[in-house]
Amino acid sequence: MVDHRHASLSLPSDSASVRGARTYVADVLSEWGLPDDAETIHGVQLIVSELASNAVQHTCGRSPTFTVHLRLDEDRELHIGVTDSHPRWPQRLPAAVQQDNGRGMLIVRTLTAEFAGSVSVVPTEEGGKTVRVTFPWPALPPDE
């Protein structure tokens, strides 16, 4: 058993990087022993896609890059983080707001809850923030 595994990748804050972040996460999780068809990989990919999209769309050009972090602790907890250098934290919109976007954090929170996890936002020393998601490993949906 490995006590800790970690991986990270920094990408330019460009919409094309969202796909790269998704692919990177799937590759790392497969390398860590999760089957390619596992529900967890798809859930984590969607979470990372939403967080990466937020980092690209909502930093108003003030964050030239974003970083995806993955850490597996004692084969028991998976930690996912997406860091950007913009100081503004994700905003929770009221459910009644009718917009074409702005639902990324709702999707992240819903998926995280399905995997019995938690979401937090923490400031970085540089003045940005990291959105962190943590859930049990392997994170299996409740009906599995």
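This structure is a prediction, so every number in the text was calculated from the model and none was measured.

Draft legend 1. A look at the overall build of the protein chain. Assigned secondary structure in the protein chain consists of 3 helices and 5 strands. Listed N to C, the secondary structure of the protein chain is β-α-α-β-β-α-β-β in terms of helices and strands. Counting the 144 residues in the protein chain, one finds 42% classified as buried. In the protein chain, of all internal contacts separated by at least 6 residues, the share reaching a separation of at least 24 is 64%. For the protein chain, the exposed area adds up to about 8100 Å²; of that, 50% sits on carbon and sulfur atoms.

Draft legend 2. Here's a closer look at the pairing of strand β4 (residues 118-123). Across 6 bridges, β4 lies against strand β5 (residues 129-136) in antiparallel orientation. Its bridge partner lying in β5, S118 is registered against T134. Here β4 folds back onto β5 in antiparallel fashion, the turn holding 5 residues, of which G127 has a positive phi close to 100°.

Draft legend 3. Summary view of the packing of helix α2 (residues 39-57) against helix α3 (residues 104-114). Relative orientation of the contacting elements α2 and α3 amounts to 155°, with a least axis distance of 9 Å. Between α2 and α3, the angle is such that the two are roughly antiparallel. For the pair α2 and α3, the sense of crossing is left-handed. Between α2, through G43, L46, I47, E50, L51 and N54, and α3, the contact on the second element is made entirely by G104, M105, I107, V108, L111 and T112. Counted by class, the contact of α2 with α3 contains 7 nonpolar, 4 polar and 1 charged residues.

Draft legend 4. Structural view of the side chain of K129. Relative to the assigned elements, K129 resides in strand β5. The class of K129 is buried, set by a relative accessible area of 5%. Among the polar contacts made by the side chain of K129, one reaches the side chain of D84 at a distance of 2.7 Å. Among the polar contacts listed, one links the side chain of K129 to the backbone oxygen of H86, at a separation of 3.1 Å.

Draft legend 5. Local environment of the packing of helix α1 (residues 16-31) against α2. Direction vectors running N to C along α1 and α2 enclose 150°, while the axes themselves pass 9 Å from each other. In this structure, α1 meets α2 at a crossing whose hand is right-handed. Along the contact surface, α1 presents V18, A21, R22, T23, V25, A26, L29 and S30, while α2 presents I41, V44, Q45, V48, S49, A52, S53 and V56. In terms of residue class, the contact of α1 with α2 is built from 10 nonpolar, 5 polar and 1 charged.

Draft legend 6. A look at a negative patch on the surface. Together, D27, E31, D36 and D37 make up a region of like negative charge exposed at the surface. For D36, a relative accessible area of 58% puts it in the exposed group.

Calculation criteria
Residues numbered from 1 in each chain as written. Predicted model: local features only at pLDDT ≥ 70, side-chain atom pairs only at ≥ 80, totals over all residues. Heavy atoms only, no water. Helix = DSSP H or I, 4+ residues; strand = E, 2+ residues; numbered from the N terminus. Buried < 20%, exposed > 50% of the residue type's maximum accessible area, 1.4 Å probe, protein only. Contact = heavy atoms within 4.5 Å. Areas by Shrake-Rupley, 256 points an atom, 1.4 Å probe, with all protein chains shown as cover. Pairing = 2+ DSSP bridges. Axes fitted to C-alpha atoms, helices over the stretch in contact; angles between N-to-C directions. Parallel < 35°, antiparallel > 145°, perpendicular 65-115°, else oblique. Left-handed = near helix turned anticlockwise from the far one by under 90°. Nonpolar A, V, L, I, M, F, W, Y, C, P; charged D, E, K, R; others polar. Polar contact = N/O pair within 3.5 Å; in protein donor to acceptor, adjacent residues only side chain to side chain. Patch = residues over 30% accessible without salt bridge, like charges linked within 9 Å, V, L, I, M, F, W, Y side chains within 5 Å. Salt bridge = Lys/Arg side-chain N within 4 Å of Asp/Glu carboxyl O. Lys, Arg positive; Asp, Glu negative; His and termini not counted. Charge placed at Lys NZ, Arg CZ, Asp CG, Glu CD.

The values are spatial; any link to function lies outside them.
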